[in-house]
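# Notes for the structure review
Here's the letter readout for the chains.
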There are 2 protein chains.
Amino acid sequence: MVNIADVAKAAGVSRSTVSYALSGNRPISRETRERIDLAISELGFTVNAGARALATAQTMVLGLLVQFEDDEFPPAMLQYILAVSTAARELGYDILMVTDDHGPDAVRRITSSNMVDGVVLLDVVHDDPRLQPLREARQPGALVGLPRDTEGLDVFDLDFGEAARLIVDHLHGLGHRDIILVSPPRHVFERGGAYAWRFREAALERAARHDIHLYAHYGESQQPGIERSVNAIIDARPQATALIVHNDASIAALPAVLRERGIAVPRDLSVVSLYSRDFGRTFLLPYTAVETSPDELGRLAVQHLVRRITEPDYGPPVVRFVEPQLTDRGSTA
Amino acid sequence: MVNIADVAKAAGVSRSTVSYALSGNRPISRETRERIDLAISELGFTVNAGARALATAQTMVLGLLVQFEDDEFPPAMLQYILAVSTAARELGYDILMVTDDHGPDAVRRITSSNMVDGVVLLDVVHDDPRLQPLREARQPGALVGLPRDTEGLDVFDLDFGEAARLIVDHLHGLGHRDIILVSPPRHVFERGGAYAWRFREAALERAARHDIHLYAHYGESQQPGIERSVNAIIDARPQATALIVHNDASIAALPAVLRERGIAVPRDLSVVSLYSRDFGRTFLLPYTAVETSPDELGRLAVQHLVRRITEPDYGPPVVRFVEPQLTDRGSTA
DNA sequence: CTGAAAGCGCTTACAG
DNA sequence: CTGAAAGCGCTTACAG
């Protein structure tokens, strides 16, 4: 394998000069630089990433921890993964993606061995067991999803409370007084998926203030049973005039359910949901909805993480909520 | 950061002895080993992965190249990613996931810098531009998907030709003589998605032999337009008694389309498709289908890749087709 | 503007 | 069964 010494010899300079030419960390004469460039391209030299990492204590790799929970809807996850990966590459970082079942061990493993310069956690839950090892790590961490205790970590999430208020207010303004809410599965609440109850509680609170009856139900996230559960929920609340769906799997299945029941939107029922624009390229979703912004969240997390890696005193940890935006697609009346 | 010298000092031995205790590459007395273990846990020592990689020329990291094509159906991709990641971890490898738009550069970048010990390529097309840089790399490569030229690379794929014959024979045996085939989008054929035409050609050839009319159409893979395209295809072939769907997006949308049209399966129409078992947890798919085995393909690719990394003369490249298996879910008659 | 040398944290022949 | 030392391929003060 051709190394920096080979290049130095071919160019007739020292190894340090080659290194500085590579990094640009000190001025090099034009002539010398040209000889080095020539040698590099003739020999096909590429810096050995491991050796550079050892010398600089920077790997230029970010860890990405993904958890494939059974109650997670796969198509939604991929958007976050892609967003993080793309944002990282734009800043010169690669992604070490870890899908281990046991997240805390994975965090410890990749941080204590110095495989990564920082860590992004996806699918963060209220009491996430990965937070402690991440706080103990040398490397900074950024979370997508709000945990109970954000200490020492940068946190990014959609403002689910505000999203709920936005939606309830929107329906209230249209005169709806009986509204169904389809939440994530019960299991998501139980394992601490804070986005689920943050949305539900804010919706209930807001509905109460408006004297609206809000019927909150758990939806499903796995087939078979998604259509069945949505049907059962609608059956249970015949008086409802609007449906809020905070459940990826259920909203994906909703068009088929409504067609089957002969329910026209928004004539017979108003529908509002939360999903990302890209989600609507996989599923046929003509509904007014809050944009969940996976791209923006992934990008924010990576950008802050990289700043924290490169600027030692970047300031106190950041907890940032993305402002929900309601996109009106005409599914409410 | 605590390093191997700190451990050696605390345990009262040399650095080499600590290293050998870690690797198990030479016998260590019980007493010495215990002192070392104690020092390691007291100091909280973890081997520095980069330093080890530099010394051993092994990173214990596999590159995973993923391409998010617009005509790809995201839910299906995730299964391959997860399969590769899981199989790698079981063999002690981590995954460097690269989603660059420009695959050939990405392959060159991660291999020439020695960031990885081997590379897995997903979504391989007929004339895949990533193959050349991969062949030129020091590291071995494994592909999921069959390219035109398999030279020098281990290749794994479902036997799409056999899958087509299996399905056509199955329908022929049931007496069908007019069959619709919904293929992947035209763009997949154009960019060299070999699985698309391997399946279609084998199906056409087999149908001709049986004197079956096989009506091959391109389906869609993005909303809006999937339901519409399936409807148009069915409208165009009223005489058909069976439907073969080789298109993830279309099969996911099929239940809604058939319900809307009032078509009962298999009474009015027989349906056969190709998808994985897990795919049926995201979508409601009660159809007889060939299992596409993403788990098995991902696992095979990783296992062979790792053997090729660890056993210098593992033998000639392998091209292995996974045998298609038809799971009868009663959607044909 | 450039070079010689130390150091990053490991592993592994070589020697005993 | 164990140690001293060279080497993996870089970077970066230090010196000129």
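These notes cover the structure that comes with them. Just so we're clear, the structure is a prediction, and the values are computed from it rather than from any experiment. (Residues numbered from 1 in each chain as written. Chains lettered and ligands numbered in written order. Predicted model: local features only at pLDDT ≥ 70, side-chain atom pairs only at ≥ 80, totals over all residues. Heavy atoms only, no water.)

Relative to the helices and strands, Asp100 of chain B resides in the loop between β2 (94–98) and α6 (103–112). Ignoring sequence-local partners within four residues, the contact set of Asp100 of chain B consists of Arg89 of chain A together with Ala106 and Arg109 of chain B. (Helix = DSSP H or I, 4+ residues; strand = E, 2+ residues; numbered from the N terminus. Contact = heavy atoms within 4.5 Å.)

What follows covers the interface of chain A and chain B. With 48 residues of chain A in contact, the opposing surface of chain B contributes 48 residues. Of all residues in chain A, Leu78, Met97 and Arg281 of chain A give up the largest surface area on contact with chain B, accounting jointly for 14% of the area buried on that side. Our enumeration of links across chain A and chain B arrives at six salt bridges. Where Glu260 of chain A meets Arg259 of chain B, a salt bridge forms, and the shortest distance between an N and an O atom there is 3.3 Å. Between chain A and chain B we count 14 residue pairs in polar contact (both at pLDDT 80 or more) in total. For the side of chain A that touches chain B, the elements supplying multiple residues, two or more each, are α4 (49–56), α5 (74–90), β2 (94–98), α6 (103–112), α12 (248–261) and α13 (279–282) of chain A. Partitioning the side of chain A that touches chain B into residue classes produces 24 nonpolar, 14 polar and 10 charged. Here β2 of chain A runs beside β2 of chain B; their pairing, made up of three bridges, is antiparallel. For Ile95 of chain A, the partnering residue across the bridge sits in β2 of chain B and is Met97 of chain B. (Buried area = accessible area lost by both parts, 1.4 Å probe. Salt bridge = Lys/Arg side-chain N within 4 Å of Asp/Glu carboxyl O. Polar contact = N/O pair within 3.5 Å; in protein donor to acceptor, adjacent residues only side chain to side chain. Nonpolar A, V, L, I, M, F, W, Y, C, P; charged D, E, K, R; others polar. Pairing = 2+ DSSP bridges.)

This part covers the environment of Ala253 of chain A. Residues and elements named next belong to chain A. Summarising the element assignment, Ala253 is placed in helix α12. With 142 residues separating them along the chain, Ala253 and Thr111 place their C-alpha atoms 40 Å apart. Setting aside anything within four residues of it in sequence, one finds Ala253 in contact with Ile226 and Glu227.

Overall, the coordinates contain 13 aromatic pairs over all chains when judged by the stated rule. Where Phe279 of chain A meets Phe283 of chain A, the ring centres are 5.0 Å apart and the plane angle is 50°; that geometry is what we call tilted. Between Phe160 of chain B and Tyr195 of chain B, the ring centres sit 5.8 Å apart and the planes meet at 45°, which makes this aromatic pair tilted. Taken together, the positions of Phe160 of chain B in helix α8 (residues 160–173) and Tyr195 of chain B in helix α10 (residues 194–209) put the pair 35 residues apart, joining distant regions of the chain. (Phe/Tyr/Trp six-rings, centres within 6.5 Å; stacked < 30°, edge-to-face > 60°.)

With that out of the way, let us pick up the protein's contact with DNA strand C. As a matter of local geometry, DNA strand C sits amid 30 residues, with Arg26, Pro27 and Thr32 of chain A together with Arg15 and Ser19 of chain B nearest to it. Each atom of DNA strand C within 4 Å of the protein was classed as base or backbone; sugar and phosphate made up 51%. Note that a base oxygen of DNA strand C is positioned 2.5 Å from one of the side-chain N or O atoms of Arg26 of chain A. Here a phosphate oxygen of DNA strand C and a side-chain polar atom of Ser29 of chain A are 2.9 Å apart. Considering every element that reaches the surface near DNA strand C, the biggest residue donor is helix α4 (residues 49–56) of chain B, with five residues. Grouping the constituent residues of the surface near DNA strand C by class yields 13 nonpolar, 12 polar and five charged. (Near = heavy atom within 4 Å.)

Everything listed is a geometric property; what it means functionally is a separate question.
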